Amino acid sequence: MRPILLLLLTLLLSACGSQTPPAGDEAQALGQLQDELRQANTVIDSLNYTVDASNQIIDGLRAQVTSLQKVDARLYDSVQQLSAELRNWRTQAEDQRERNQAMSAELERLRREKHSDQQTIARLRREADSLNAALLDANGALRRQVGHLDQLREELALARSDADQAQQAAQAARTAGRAALLSVHLYAAGEQALLEQGYLEAGRKMFRRTYKLIKALDPADPRLRPAPIGQPVELEGDLRGLADRYGRLREGTDYRQEKLEGRVQVTFTNPLLQGSEVVAVMAN
């Protein structure tokens, strides 16, 4: 801009030199022109300063724009990375949710199977207990039958050995023996008393109390009483069970009972029990 102003000034001076104004007017015009030149130079300097300041501002703005572009690039890269990580985490979360659902279903299945297994075990335990009780009863009944056969064999041998004796004496002995055999020798007492006297052996098989007569009863004991087969006898107290030397008797097969107020009525029904010794285990 300054060269243009100098060129204009030169042209103005040339124009002024071609005319010949008076000397006083020329000095005044020259002074005025110098003032205008100084003002122009001041404006030029101001414009130059403004241009330099603008260039500096433009350079600063350009640097900021460049910096912002770099920041934008880094921010874009960070956003892209974050988006990729979010997609990765979302995929992992979905996979984990599917695994959790599968695990929950498996746990539920195991819980149902465990409940079913517990019910099966309980049922098998009840069946095993019932079978063991039936086996114990069957074993006692079988041994009772064998004992009865042995007793019949002994009676037959005794009858043969007594064949040479007088017929009346033998007949009286057999009649007395049959009368004794038609009854059960019953002894009633509490479980603790029977254990202390050595008559009773008590135990437990599964969930069932077992009893067994292990020693011959004292025939002189006043509590020993005959109980005819098929005829009821009354016992004081609560009956826990009946047992002979083969084990516990079976209710409904060997005997039946009827509970009364403060006592119980027992009726022996198995003819194989004739002449045998039986203990009635009463509540202590």
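Residues numbered from 1 in each chain as written. Predicted model: local features only at pLDDT ≥ 70, side-chain atom pairs only at ≥ 80, totals over all residues. Heavy atoms only, no water.

## Side note on the sheet that holds strand S10 (residues 277-282)
- Read from one edge to the other, the open sheet built from five strands follows the order S4-S1-S10-S6-S7, with strand pairing classed as mixed. Two strands bound the open sheet, and with one partner strand each, they are strand S4 (224-228) and strand S7 (247-248). (Pairing = 2+ DSSP bridges. Helix = DSSP H or I, 4+ residues; strand = E, 2+ residues; numbered from the N terminus.)

## Considering the nonpolar core
- Counting residues in hydrophobic clusters, the biggest one holds 16 residues, and the most contacted among them are Leu186, Leu242, Val266 and Phe268.
- Elements represented by at least two residues in this core include exactly strand S1 (183-190), strand S5 (232-236), strand S6 (239-244), strand S9 (263-268) and S10.
- Not counting residues up to four positions away in its chain, the partners in contact with phenylalanine 268 are Val184, Leu186, Ala227, Ile229, Gly230, Leu242, Leu249, Asp254, Tyr255, Leu273 and Val278.
- Of all hydrophobic cores here, the second largest spans eleven residues; its members include Leu194, Leu200, Leu213 and Val279. (Core = buried A, V, L, I, M, F, W, Y, C linked by side-chain atoms within 4.5 Å. Buried < 20%, exposed > 50% of the residue type's maximum accessible area, 1.4 Å probe, protein only. Contact = heavy atoms within 4.5 Å.)

## A few points about the packing of aromatic side chains
- The full count for this structure, using the stated rule, is one aromatic pair.
- Between the aromatic rings of tyrosine 187 and tyrosine 199, the centroid separation amounts to 5.5 Å while the plane-to-plane angle is 70 degrees, which identifies the pairing as edge-to-face. One end of the pair, tyrosine 187, is in strand S1; the other, tyrosine 199, is in the loop between helix H4 (191-197) and strand S2 (200-205), with twelve residues separating them in the sequence. The pair formed by tyrosine 187 and tyrosine 199 is uniform in burial state, with each residue classed as buried. (Phe/Tyr/Trp six-rings, centres within 6.5 Å; stacked < 30°, edge-to-face > 60°.)

## Looking at the sheet that holds S9
- Strand order in the open sheet formed by three strands is S5-S9-S8, with antiparallel pairing between adjacent strands. Looking at strand neighbours, the two that pair on one side only are S5 and strand S8 (255-260), the edges of this open sheet. Averaged over all pairs of adjacent strands, the angle between strand axes in this sheet comes to 25 degrees, irrespective of strand direction.
- Sheet topology places S5 next to S9; five bridges connect them, and they run antiparallel. (Axes fitted to C-alpha atoms, helices over the stretch in contact; angles between N-to-C directions.)

## Quick look at the side chain of threonine 210
- Considering the arrangement of structural elements, one finds threonine 210 in strand S3 (residues 208-213).
- Not counting chain neighbours up to four residues away, the residues in contact with threonine 210 comprise Leu136, Glu201, Ala202, Gly203, Arg204, Lys205 and Arg248.

## A word on the pattern of salt bridges
- Summed over all chains, the structure comprises ten salt bridges.
- Of the charged contacts, one joins arginine 111 and glutamate 108 as a salt bridge, the two residues approaching to 2.5 Å between their closest N and O atoms. Of the two residues, arginine 111 and glutamate 108 both sit in helix H2 (residues 23-161), three residues apart, roughly one turn of that helix.
- Under the relative-accessibility criterion, glutamate 108 is labelled partly exposed at 32%.
- Between glutamate 113 and arginine 109 there is a salt bridge whose closest N-O contact spans 2.4 Å. Of this pair, glutamate 113 and arginine 109 both sit in helix H2, four residues apart, which is roughly one turn of the helix.
- You can call glutamate 113 partly exposed: its relative accessible area is 35%.
- Through salt bridges with shared partners, a single network forms among Glu106, Arg109 and Glu113. (Salt bridge = Lys/Arg side-chain N within 4 Å of Asp/Glu carboxyl O.)

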